[in-house]
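Here are the chains, one letter per residue:
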Amino acid sequence: MPNHLKNETSPYLLQHADNPVDWYPWGEEAFRRAREDDKPVFLSIGYSACHWCHVMARESFEDQETAELLNRWFISVKVDREERPDVDSVYMAVCQAFTGGGGWPTSLFLTPEKQPFFAGTYFPKQRQGGMVSFGELLTLIHEKWERDRSALLGPAEEIVALLNQPKAENGKAEPELQEEAVRLYTRLFDRENGGFGGAPKFPSPHNLRFLLAYYGRRGDRDCLEMAERTLLQMYRGGLFDHVGGGFCRYSTDERFLVPHFEKMLYDNALLILAYCEAYSTTRKELYLLAAERTADFVLREMTAPEGGFYSAQDADSGGEEGKYYLFAPEEIVRLLGTERGESFNQHFDITETGNFEGKSIPNLLHSNPEDRSFGDLLETVYQYRRGRYALHLDDKILTAWNGLMIAALCRLYQANGEAKYLDAAKRADRFLWKNLWDGESLHVSFRAGRRGERGFLDDYAACIFAQLALYGATLERAYLERAERLCRETCAKFQDWETGGFFLYSEEHEALLLRPKETYDGAQPSGNSLMAWNLVRLSQLVSEERYGPLAERQLDFLAADAKQYPAGYAMFLLALLDYRDPLPKVTVVCSERSEAARLPLELPAEAAVILREPGPECPLKNGKTTFYVCRGHSCFPPVNELPTL
């Protein structure tokens, strides 16, 4: 019999709708039932493309014996972290406080009043490697709940009180934070394999974007080397899907060979931005190719007919991690013939011994990544692969992640001039305003004709980011006006006017036991870091007087946290770099309106470009299109030729 998830729209929740566990979605009904029955709540947070979420589901949530324990002693609640980032953020902080770490699935036990008293991540069905079995844990917690509840709940109150302590006073956003971050990156950099630290290695493209920008402003060649080495190695390894395009979630090894095979929309958006920045900096075609192949994957496999972008593809297929992506050499020979098949296998390292559980992840770690002679064969292998196994697609459309992808496609258009990328960005933007904006508020998600929760800070910040990117790619004033409108909404809903920064959720949302202000840049830039960048950009494009003080205040707010570990705040550092050492501001007065269309392709994407009508303040020089360039606090004489910036 279906449980209480059967009417949800989240693909992740629907995956669990037929479990024998009597799951509830997050909401008052579940907690009211817990109060009435005097039972603790088991809270499980995950997402549809999460491998270990699937493992725990197969082992425990689909198991009748385990389900009986949960149904007898607990009220069980399932949360899709992508639809409820507020619940995920709060209880992930709790999990980290309890265990010193975190991850998904996140497994927590709460009182009916939503107070957590135990937390962890994955628990196995059978005791293994020193880990208690899930059944043993359920039994232990039930016995403590019945016999010694005060001992069970006591430490939890201390942890929640600790998490609610006010943060330190705001700092001062000084350039020294950037310099310290560069020193940290240099210390952690793997000069042989690229990336930072040991396995697992995450792409963290905003770190690479900061290093590229720092090189551009300071000329620090070590920063360029760290960014280039990492971008090249990620593309050559199995982290990049050489057959179908796009990047997987992270690498389980230090060489970027063996990925965790799920593909997330936000990772691919941020990596497109990073590879475009690398191409802009170096003019190396390989970086542009990586960005194009990633974008083409998204347009082919992750785009809804109406233009929005889907969230994720699963790591598992046929119940096995990575099965969709693996090949044996004889498969390729049968498909392509002996000569072409053997050549393909050699180039992409598909061998008899394999590199992952007896089969091979295609990679270019031992081949020339510049060799494009296999393009036609890749298409043949791609079509063959699609017919072998099916990948689960999480087809919900998330506002924040769509905002990042819209910005990425705009940046790619500015890099290569191909209109299809700008067209896709505009279509997605129209989808967003039609389906994820209700006239007063953004919403988190859209699926099956239904909007999700009212939007959180990240939704607004990413949507502003997208509008600014669309303006940069088109110079159409309407996008800039939308960015301003959303910025006003964001400040009204989320800003903490007393102590600075932006809350994750507004007073319109459900009040949880914490009201966090996320600042750390993890797999995605935090909403606070993204807002810092947005405010800096608006101060350059619209009004220094209006947005400059807001940008300065936000940068100072972030500096207090960033000084503890600056390398974890790359998007903030990028905003700080743009604020303290801005790229030129170019005011363009066109002699003919049609000339404006080419400007986004001819001027640097990072420059602040403003179109003006001819007038007394900005007249045409010699009756021709005229460029007025200011750098820092100095403005240069007007010129008719496109300046070198």
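Residues numbered from 1 in each chain as written. Predicted model: local features only at pLDDT ≥ 70, side-chain atom pairs only at ≥ 80, totals over all residues. Heavy atoms only, no water.

### Notes on the overall build of the chain
Working step 1: Check the secondary structure of the chain and you find 23 helices and 19 strands.
Working step 2: For 645 residues, the compact-globule formula gives about 26 Å, and the C-alpha radius of gyration of the chain, at 26 Å, lands near that figure.
Working step 3: Here the C-alpha coordinates of the chain stretch approximately 90 × 70 × 50 Å along the principal axes.
Working step 4: Scored against the burial criterion, the 645 residues of the chain give a buried share of 59%.
Working step 5: Summarising the internal contacts of the chain: among those between residues at least 6 apart in sequence, 67% fall at separations of at least 24.
Working step 6: For the chain, the accessible surface area stands at approximately 25,800 Å², while carbon and sulfur atoms represent 47% of it.
Working step 7: Charge centroids of the chain, computed over 73 positive and 97 negative side chains, lie 3 Å from each other. (Helix = DSSP H or I, 4+ residues; strand = E, 2+ residues; numbered from the N terminus. Rg over C-alpha atoms; globule rule 2.2 N^0.38 Å. Buried < 20%, exposed > 50% of the residue type's maximum accessible area, 1.4 Å probe, protein only. Contact = heavy atoms within 4.5 Å. Areas by Shrake-Rupley, 256 points an atom, 1.4 Å probe, with all protein chains shown as cover. Lys, Arg positive; Asp, Glu negative; His and termini not counted. Charge placed at Lys NZ, Arg CZ, Asp CG, Glu CD.)

### Quick notes on the packing of helix α20 (residues 527–541) against helix α21 (residues 544–562)
To characterise two packed helices, one gives the angle between the axes of the helices and the distance between these axes.
Working step 1: Here α20 crosses α21 at 155°, and the two axes come no closer than 8 Å. Accordingly, the angle class assigned to the pair α20 and α21 is roughly antiparallel. Seen from above, α20 lies across α21 with left-handed handedness. Seen from α20, the contacting residues are Asn528, Ser529, Met531, Ala532, Leu535, Val536, Leu538 and Ser539; seen from α21, they are Glu544, Tyr547, Gly548, Leu550, Ala551, Gln554, Leu555, Phe557 and Leu558.
Working step 2: Looking at side-chain class alone, the contact of α20 with α21 contains 11 nonpolar, five polar and one charged residues. (Axes fitted to C-alpha atoms, helices over the stretch in contact; angles between N-to-C directions. Parallel < 35°, antiparallel > 145°, perpendicular 65-115°, else oblique. Left-handed = near helix turned anticlockwise from the far one by under 90°. Nonpolar A, V, L, I, M, F, W, Y, C, P; charged D, E, K, R; others polar.)

### Topic: the state of the cysteines
Working step 1: By the definition in use, this model includes two disulfides.
Working step 2: Paired through a disulfide, Cys50 and Cys53 show a sulfur-sulfur distance of 2.5 Å. On the S-S bond that ties Cys50 to Cys53, the torsion sits near 80°, and the link is right-handed.
Working step 3: Judged by relative accessible area, Cys50 falls into the buried class, the value being 4%.
Working step 4: Sulfur-sulfur distance for the disulfide between Cys630 and Cys635 comes to 2.1 Å. Here Cys630 and Cys635 share a disulfide; its torsion about the S-S bond, 100°, makes the bridge right-handed.
Working step 5: Since its relative accessible area comes to 56%, Cys635 is described here as exposed.
Working step 6: Each bonded cysteine of the chain is numbered by sequence order, and under that numbering the disulfide pairs are 1-2, 3-4. (Disulfide = S-S within 2.5 Å.)

### What to know about the pairing of strand β5 (residues 116–120)
Working step 1: Taking burial as the measure, the five residues of β5 include four buried ones, the bulk of the element.
Working step 2: Bridge analysis of strand β4 (residues 106–110) against β5 gives four bridges, and the strand direction is antiparallel. Looking across to β5, one finds that Phe109 is bridged to Phe118. (Pairing = 2+ DSSP bridges.)

### So, the pairing of strand β3 (residues 75–80)
Working step 1: When you tally the buried positions in β3, you get six out of six residues, the bulk of the element.
Working step 2: A two-sided burial pattern is seen for β3, the buried positions comprising Ile75, Val77 and Val79 on one face and Ser76, Lys78 and Asp80 on the other.
Working step 3: Here three bridges tie strand β1 (residues 23–25) to β3, and the two strands are oriented parallel to one another. Among the inter-strand pairings, Pro25 is bridged to a residue of β3, identified as Lys78.

### Concerning the packing of helix α17 (residues 419–435) against helix α19 (residues 477–494)
Working step 1: Contact geometry for α17 and α19: axes closest at 14 Å, N-to-C directions at 40°. Between α17 and α19, the interaxial angle falls into the category oblique. Crossing hand, α17 versus α19: left-handed. The segment α17 lies against α19, with Lys426, Asp429 and Trp433 engaging Tyr479, Arg482 and Leu486.
Working step 2: Here the residues of the contact of α17 with α19 are counted per class, giving three nonpolar, no polar and three charged.

### With respect to the sheet that holds strand β8 (residues 263–264)
Working step 1: The antiparallel open sheet is built from three strands, whose spatial order is β8-β9-β12. Strands with a single pairing partner mark the edges of an open sheet, and in this sheet they are β8 and β12 (393–394).
Working step 2: In this structure, β8 lies alongside strand β9 (residues 312–313), joined through two bridges in antiparallel fashion. Looking across to β9, one finds that Met264 is bridged to Ala312.

### Points about the sheet that holds strand β13 (residues 397–398)
Working step 1: Strand order in the open sheet made by the three strands is β13-β14-β15, with antiparallel pairing throughout. Of all strands in the sheet, those bounded by a partner on one side alone are β13 and β15 (450–451).
Working step 2: Here two bridges tie β13 to strand β14 (residues 445–447), and the two strands are oriented antiparallel to one another. Opposite Leu398, over in β14, you have Ser445 as the bridge partner.

### What to know about the environment of Gly387
Working step 1: Among the secondary structure elements, Gly387 is positioned in helix α15 (residues 375–388).
Working step 2: Taking the C-alpha atoms as reference points, Gly387 and Leu69, 318 residues apart in sequence, are found 40 Å from one another.

### A short note on the pattern of salt bridges
Working step 1: Considering all chains together, one arrives at 42 salt bridges under this definition.
Working step 2: The closest approach of N and O atoms between Lys396 and Asp394, which form a salt bridge, is 2.7 Å. In terms of burial, Lys396 and Asp394 fall into one category: buried.
Working step 3: Put simply, Arg612 and Glu617 hold a salt bridge, and the shortest N to O gap is 3.2 Å. (Salt bridge = Lys/Arg side-chain N within 4 Å of Asp/Glu carboxyl O.)

### With respect to unusual backbone geometry
Working step 1: The omega torsion of the bond from Trp104 to Pro105 falls at 5°, within 30 degrees of zero and hence cis.
Working step 2: Along the polypeptide, Pro105 turns up in the loop between α5 (85–99) and β4.
Working step 3: In the segment running from Ala199 into Pro200, the intervening peptide bond is cis, with an omega of -5°.
Working step 4: Structurally, Pro200 can be placed in the loop between α8 (176–188) and α9 (205–218).
Working step 5: At Asp38, a residue that is not glycine, the phi angle is positive and equals roughly 55°.
Working step 6: Accessibility expressed as a relative area gives 39% for Asp38, which makes it partly exposed.
Working step 7: Of note in this structure, Leu475 is not a glycine but carries a positive phi near 60°.

Keep in mind these values describe shape, not function.
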